[in-house]
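One letter stands for each residue in the lines below.
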Amino acid sequence: MSLYLSSGRRLPTRRIPGYETLVALILVLAIITIPFLAAPWLIVDDAVGTADAIIVLGGEAYPPNRTIHALALYHQRRAPVVVFTGGAPPGRPPETSSAQVARRLALARGLPPDVALLADGAQSTYDEAVLVRELVAAHGWRSLMIVTDPYHTRRAVRTFRTLIPNAHVTASAAPFLSPCADPWRCGARIWRYVASELVKMGFYRLYYGVPLS
């Protein structure tokens, strides 16, 4: 706070002892806690009934949570076809794409080849939506069921709804299948995933105009 004498001269400003430390502590606590508080908000799991196609988004690690969950949905007759998306890592051959790897795994687990479609070559969720939009137009689909990791569902659904407004888009969150016995390691994994998603959602909002809610 600045004080002035009657002569107009300004008195020196006194800072509260430890002010900078307090501000730094608040910032650190916010950085740590905000991802954990936002985690439930990121999850969209609103798929009920059936759809024209199940869309398995690429980029999953091992175990293949998304592919296994999509197979379960198909066997429940939730959709007649399953579309696998996702491109190959830069510099890698096309057959190593996320879409083709997931499709081969699904076929090995009993998915009929004629219902396993590819939307290959995407390097982002936005690219996946662009490629699937072409399939929607070609097949006349009116509803899509997105399958991806839980914390990716909100950005994925909002992106697909923005790019394919004529289709009813829902999400079925694929549960994580890898065990996590160490609570600290589990917490760190959740924090990294959620923090990354929050940054990406901000980018998608600013660059692509994808709404946050």
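Computed from a prediction, not measured in an experiment: that's the story for all the values here.

## Some words on the layout of surface pockets
Here's step 1: The volume enclosed by the largest pocket comes to roughly 550 Å³.
Here's step 2: Listed by contribution, the elements that provide at least two residues to the lining of the largest pocket are α2 (65-75), α3 (98-108), α4 (125-139) and α6 (183-208).
Here's step 3: Residues belonging to the lining of the largest pocket are distributed by class as follows: 11 nonpolar, 12 polar and six charged.
Here's step 4: Taken as a whole, the second largest pocket spans an internal volume of roughly 310 Å³.
Here's step 5: Lining the second largest pocket are 15 residues, and of these N65, D149, F176, R189 and Y193 sit closest to its centre.
Here's step 6: Every element with two or more residues in the lining of the second largest pocket is listed here: α2 and α6.
Here's step 7: Top element by residues in the lining of the second largest pocket is α6. It accounts for four residues.
Here's step 8: Within the lining of the second largest pocket, the residues separate by chemical class into eight nonpolar, three polar and four charged.

## Some words on the side chain of T170
Here's step 1: Along the chain, T170 turns up in strand β5 (residues 168-173).
Here's step 2: Those residues in contact with T170 that sit more than four places away from it in its chain are D46, A47, L144, M145, I146, V157 and R161.

## A word on the pairing of strand β2 (residues 82-86)
Here's step 1: Among the five residues in β2, five count as buried, and that is most of the element.
Here's step 2: Residues V82, F84 and G86 point to one face of β2 and V83 and T85 to the other, with burial holding for every one of them.
Here's step 3: As judged from the three bridges shared by strand β1 (residues 53-56) and β2, these two strands associate in the parallel manner. Note on β2: the bridge partner recorded for I55 is V83.
Here's step 4: Taken together, β1, α2 and β2 form a β-α-β motif whose crossover is right-handed.

## Looking at α6
Here's step 1: Compared with an ideal rise of 1.5 Å per residue, which puts 26 residues at 38 Å, α6 spans 36 Å between its outermost C-alpha atoms and is within 8% of the ideal.
Here's step 2: Turning to α6, its buried residues number three or more, namely C186, G187, V194, A195, E197, M201 and Y204.
Here's step 3: Downstream of α6 by a residue or two, G209 has a phi angle that is positive, lying close to 75°.

Analysis parameters
Residues numbered from 1 in each chain as written. Predicted model: local features only at pLDDT ≥ 70, side-chain atom pairs only at ≥ 80, totals over all residues. Heavy atoms only, no water. 1 Å grid on protein atoms, 1.4 Å probe; cavity = no way out; pocket = protein on both sides within 12 Å on 5 of 7 lines; lining within 4 Å. Points joined across faces, edges and corners; volume = space filled by probe spheres on them. Helix = DSSP H or I, 4+ residues; strand = E, 2+ residues; numbered from the N terminus. Nonpolar A, V, L, I, M, F, W, Y, C, P; charged D, E, K, R; others polar. Contact = heavy atoms within 4.5 Å. Buried < 20%, exposed > 50% of the residue type's maximum accessible area, 1.4 Å probe, protein only. Pairing = 2+ DSSP bridges. Right-handed = clockwise from strand over helix to strand, strands pointing away. Expected span 1.5 Å × (residues − 1).

Functional significance is not addressed by these values, which are geometric in nature.
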